[in-house]
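Results of the structural survey
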Amino acid sequence: MTRRETLIARSIVYAILDANDDGKLTRKPTLIGRFIRLFYMYWLTFRFVRYDLFKALRGVWGIEEGEYKASFDSKKQGQQKKGKAKAALMPMGDMGYSGSTFFRTRDSAYLVKSIPRQFEHEFFKNDMLLPYADHMRSNPSSLLVRITDFLESSHLSVGVLLGLAPSHHIIMENILYGQSEESQGDGASKWESWDLKPTSYFFPERDIAGGALASEATLSKLADEFNDKIRLSEADAVKFKSQLEKDTQLLADCNAVDYSLFLVRISAADAQAAESQPALQSDETSAEPIPPAQPPFAPPEPPSWRTGVRSSDGKHVYRAAVLDFFWAKHTVHAKAMTGLIRSYNLIDEQGPMSITTKSSEYRERFLKMCDEYVEVQK
C-alpha cells in the first residue's frame, strides 16, 4: 500500500476499534493534538454518523458486535508477517467516476468506500439515511446493499481541504465474500461480476465522436454489459422483480438516480466449495478470505440474493445488490449538470444522462433492464 492508503486505512480501523458502546472514541485528543491534526495530509480523526441507528441495523441483521470489530482487527484475524500484524484493510483502488477509493477487510466480509463529493455524502446523511434505515428494517430481503457504518471526519485538515484525504466513508457488506485469490482476475474465473446500469442514456465519453475523445481507462469505467441471462425459476423471478420494485420506489421517492445492480455469478461447484469451508475463529489463521460464521454471512434458509440464489438450470449461483444511490436530482451539482446537458442537446440531441434524468424515469429504465436480463425457466 502507498503511504496515503496506509494512513487512511489506519484512521478507519482506529475509529472502529477504539469506539465505545455509544460510538464515541475512548481517548480524546489534547489541545495540542487538535492543533497538530490540522496539518495532517492523510490521517483523519473520524466520528460516527448516527452510530445508534447503524448499531440497531446491525442488530436487525444479526451481526454480533464483537465479530464485526474483529473483521477490522488484524490481530484477531491472526495475519502475521515477520512478527508484525498485516494491515486489516486492503486497498482495491479507484473503481469509478466518483473518485471513490475502496478497501476490503482481510476476511473479505466488508468493503469501505470513500464518499469524497460533498453533495453525495450530504444527500445520504440529510435526506437518505432515515428512509434507508426504515426500509431496511421492514424489508429483510431488500437488494439495497447493507451499509453497516457511516464515518465522517470530525475536523478539517490540510489533506481534506486539498482533496488528498476523503472526509467521509461508508462500510458495507461485501457480496463477493468467499472469492479466493486464485479466482480474481482469471479469464476462466468461476466468479464473475458486472456493474449494470441502463445503457440507453447519453454517455458523453462513449457517444461524442464515437468515444474517440476518451481514453481506454475512462471508457473502462462505464457500466458493464451482461451478454447473457439470469436464469431463474418462476418463483425466484417473481420475488426478484417484486423486491426490486420496492427498493427502487424508495430510491425514486428520495430522488436518487444513477444507481446500479451489482451482479455476481458463481459456478455451482465453486459456490458449494466456498460454503463448505470451515468457519474461521478469531485465533485461527487462513490464507483465503473466509467470511464470519454468524449472520448475515452464514447462508440462511431460504437462500437470498445476498448469499446466493441458484440458477434454474443448476449451473450457477447468483448474488446481487443495488449500489451507489448517492446522486440526487435536487442537489445543486445535479441541477448544474442538468442545465449543461440541456444546453448541449440544443446542438446535438442526445437525450438525458443517467445523472440528469428524472428519478421516476430512471427507475423505469432500471427495472426494464433488470426484467430483460431475467429468463424464466418453468
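Rules of the game
Residues numbered from 1 in each chain as written. Predicted model: local features only at pLDDT ≥ 70, side-chain atom pairs only at ≥ 80, totals over all residues. Heavy atoms only, no water. Pairing = 2+ DSSP bridges. Helix = DSSP H or I, 4+ residues; strand = E, 2+ residues; numbered from the N terminus. Buried < 20%, exposed > 50% of the residue type's maximum accessible area, 1.4 Å probe, protein only. Axes fitted to C-alpha atoms, helices over the stretch in contact; angles between N-to-C directions. Parallel < 35°, antiparallel > 145°, perpendicular 65-115°, else oblique. Left-handed = near helix turned anticlockwise from the far one by under 90°. Contact = heavy atoms within 4.5 Å. Nonpolar A, V, L, I, M, F, W, Y, C, P; charged D, E, K, R; others polar. pLDDT = per-residue confidence, 0-100. Polar contact = N/O pair within 3.5 Å; in protein donor to acceptor, adjacent residues only side chain to side chain.

**Considerations on the sheet that holds strand 12 (residues 260-267)**
Spatially, 4 strands are ordered 9-12-14-13 in an open sheet, and the strand pairing comes out antiparallel. Of all the strands in the sheet, just strand 9 (191-196) and strand 13 (309-310) have a single pairing partner and so form its edges. Note that strand 12 and strand 14 (residues 316-323) share 8 bridges and pair antiparallel. Paired with Phe262 across the strands is Ala321, a residue of strand 14.

**Here we look at the pairing of strand 7 (residues 147-153)**
Every regular strand shows the same layout, with side chains that alternate between the two sheet faces. Of all 7 residues that make up strand 7, 7 are buried, and the element is covered over most of its length. As paired strands, strand 1 (residues 46-48) and strand 7 are joined by 3 bridges and run antiparallel to one another. When the sheet's bridge partners are listed, Phe48 is paired in strand 7 with Leu151.

**Here we look at the packing of helix 3 (residues 51-60) against helix 6 (residues 118-138)**
Where helix 3 contacts helix 6, the axes come no closer than 11 Å and their chain directions differ by 25°. Taken as axis vectors, helix 3 and helix 6 run roughly parallel relative to one another. At the point where helix 3 passes helix 6, the crossing takes the left-handed sense. Where helix 3 approaches helix 6, its residues Leu53, Phe54, Leu57 and Val60 are matched on the opposing element by Phe124, Leu129, Leu130, Tyr132, Ala133, Met136 and Arg137. When grouped by side-chain class, the residues that make up the contact of helix 3 with helix 6 number 10 nonpolar, no polar and 1 charged.

**A closer look at the confidence of the model for the chain**
Predicted coordinates in areas of low pLDDT are best not read in detail. Scored by pLDDT, the chain comes out at a mean of 79, with 71% of its residues at no less than 70. Per-element confidence in the chain is highest for helix 10 (residues 234-253), whose mean pLDDT is 96, and lowest for helix 9 (residues 216-219), whose mean pLDDT is 48. Within the model, the stretch residues 209-214 combines pLDDT values under 50 with 6 contacts to residues more than four positions away or in other chains. Here residues 218-222 scores under 50 on pLDDT; set against residues more than four positions off or in separate chains, the count is 13 contacts.

**A look at the side chain of Gln243**
If you trace the backbone, Gln243 turns up in helix 10. Residue Gln243 is classed as buried on the basis of its relative accessible area of 6%. Engagement of the side chain of Gln243 in a polar contact is seen with the side chain of Ser141, the distance being 2.9 Å. Discounting chain neighbours no more than four positions away, the residues touching Gln243 are His135, Asn139, Ser141, Ser142 and Leu143.

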